[in-house]
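# Commentary on secondary and tertiary structure
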Amino acid sequence: MNIPATDLMTALRSGHSTSPRLTWYGPDGERVELSGRVLDNWVAKTSNLLQDELDAAPGMRLRLDLPAHWKSIIWALAGWQLGMEVVLDSNDADLLATAAPAEAEGDFDAVVAVPLPALAMKWPGDLPAGVIDYAAEVRSHGDVFMAHSDPDPQQPALRSSSGAAVRHADLLESFAASHGTGARLLVRADDGLEAALANALGVWNNDGSVILVHGDVELTDKLLTAERVHGD
């Protein structure tokens, strides 16, 4: 049974699949551009890591201890594609993806360290015992995701900052922000991961694309013009 997140990934990898869908501007001049096809590829690999290596299944809870970042969006989409509940503000979860594994607290079935630099091939330095290195592991997983179990559209996809539970069936209606068709939207990472996810889902659901910008990056006229920012 398809859920909206699965249908969205299908749409992103078909049609104009080579068009930019997610562009990241990070510190130190970092720029990452993902087409719909490449975005889907990253999500598929991450979903396969979750399912095949961590035994993730529909209904399980995935805690994202990550800032607003292109990899955080990948993780959320991967969890939703599996039918998991993405948790943004609580340690009460089955699995944890974190950019600070040494500070992880809580009782998780597995902890995954997510290095944020785009070109990181492994975690920089030593990891606590048992922690999985996302950068080192994800590339070995398949480019196509096939779920072992059908997700339940009535199960929660996430709990918003207001405390409201959003079902998978309602993710693109109740959680996604409203945006016009074909918008190329600037999203500030300083607004937080929940805002980045809501905006990305709303833009993609209307055939647009997102430029996600780290707080240390200056929003110059040159950048805005080069990225053809438009729409709302």
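Described in the following lines is the structure provided in the data block. Because the structure is predicted, anything quoted here is derived from the model rather than measured.

## As for the overall build of the protein chain
- From N to C terminus, the protein chain includes 7 helices and 11 strands.
- At 17 Å, the protein chain has a C-alpha radius of gyration in line with the 17 Å of a compact globule built from 232 residues.
- With respect to the three principal axes, the spread of C-alpha positions in the protein chain is 45 × 40 × 35 Å.
- Here the analysis covers contacts within the protein chain between residues at least 6 apart in sequence; of these, 66% occur between residues at least 24 apart.
- For the protein chain, the computed accessible surface area is about 10,500 Å², with 46% contributed by carbon and sulfur atoms.
- For the protein chain, the distance from the average position of its 16 positive side-chain charges to the average position of its 34 negative side-chain charges is 8 Å.

## Side note on the packing of helix α1 (residues 4–12) against helix α3 (residues 70–82)
- Close contact between α1 and α3 brings their axes to 8 Å; oriented N to C, the two are set at 120 degrees. Between α1 and α3, the angle is such that the two are oblique. Handedness of the α1/α3 crossing: left-handed. For the pair formed by α1 and α3, the contact residues are Ala5, Thr6 and Met9 on the first element and Leu77, Trp80 and Gln81 on the second.
- Partitioning the contact of α1 with α3 into residue classes produces 4 nonpolar, 2 polar and no charged.

## Remarks on a negative patch on the surface
- A cluster of like negative charges, contributed by Asp52, Glu53, Asp55, Asp107 and Asp109, occupies part of the molecular surface.
- Structurally, Asp55 can be placed in the loop between α2 (36–54) and β3 (61–65).
- Its relative accessible area of 60% is what places Asp55 among the exposed residues.

## Quick look at the sheet that holds strand β10 (residues 184–188)
- The strand order across the open sheet formed by 4 strands is β2-β1-β11-β10, and the pairing between neighbours is mixed. Only two strands of the sheet have a single neighbouring strand rather than two, namely β2 (31–35) and β10. Put simply, the sheet's adjacent strands are angled 15 degrees from each other on average, direction ignored.
- As defined by bridge partners, β10 adjoins strand β11 (residues 209–213) across 5 bridges and the pair is classed as parallel. Among the inter-strand pairings, Leu186 is bridged to a residue of β11, identified as Ile211.
- On top of the sheet, helix α6 (residues 193–204) reaches β1 (20–25), β10 and β11; it is set at about 160 degrees to β11, its chief contact.

## What about α6?
- Taking 1.5 Å as the rise per residue, α6 with 12 residues should run 16 Å; its terminal C-alpha atoms sit 16 Å apart, in good agreement.
- Turning to α6, its buried residues are Leu193, Ala196, Leu197, Ala198, Asn199, Ala200, Leu201, Gly202, Val203 and Trp204.

## Focus on the packing of α3 against α6
- Relative orientation of the contacting elements α3 and α6 amounts to 65 degrees, with a least axis distance of 10 Å. Taken together, α3 and α6 sit at an angle that is classed as roughly perpendicular. Both α3 and α6 take part in a crossing whose hand is right-handed. Across the interface between the two elements, Ser72, Ile73, Ala76, Leu77 and Trp80 from α3 touch Leu193, Leu197, Ala200, Leu201 and Trp204 from α6.

## What about the nonpolar core?
- If you look at the biggest cluster of nonpolar residues, it comprises 64 residues, and the most contacted ones within it are Leu50, Leu64, Trp75, Trp80 and Trp204.
- The element that contributes the greatest number of residues to this core is α3, accounting for 9 residues.
- Within the second largest apolar cluster, 7 residues are counted, among which are Ala93, Leu96, Phe108 and Val131.

Criteria and cut-off values
Residues numbered from 1 in each chain as written. Predicted model: local features only at pLDDT ≥ 70, side-chain atom pairs only at ≥ 80, totals over all residues. Heavy atoms only, no water. Helix = DSSP H or I, 4+ residues; strand = E, 2+ residues; numbered from the N terminus. Rg over C-alpha atoms; globule rule 2.2 N^0.38 Å. Contact = heavy atoms within 4.5 Å. Areas by Shrake-Rupley, 256 points an atom, 1.4 Å probe, with all protein chains shown as cover. Lys, Arg positive; Asp, Glu negative; His and termini not counted. Charge placed at Lys NZ, Arg CZ, Asp CG, Glu CD. Axes fitted to C-alpha atoms, helices over the stretch in contact; angles between N-to-C directions. Parallel < 35°, antiparallel > 145°, perpendicular 65-115°, else oblique. Left-handed = near helix turned anticlockwise from the far one by under 90°. Nonpolar A, V, L, I, M, F, W, Y, C, P; charged D, E, K, R; others polar. Patch = residues over 30% accessible without salt bridge, like charges linked within 9 Å, V, L, I, M, F, W, Y side chains within 5 Å. Salt bridge = Lys/Arg side-chain N within 4 Å of Asp/Glu carboxyl O. Buried < 20%, exposed > 50% of the residue type's maximum accessible area, 1.4 Å probe, protein only. Pairing = 2+ DSSP bridges. Expected span 1.5 Å × (residues − 1). Core = buried A, V, L, I, M, F, W, Y, C linked by side-chain atoms within 4.5 Å.

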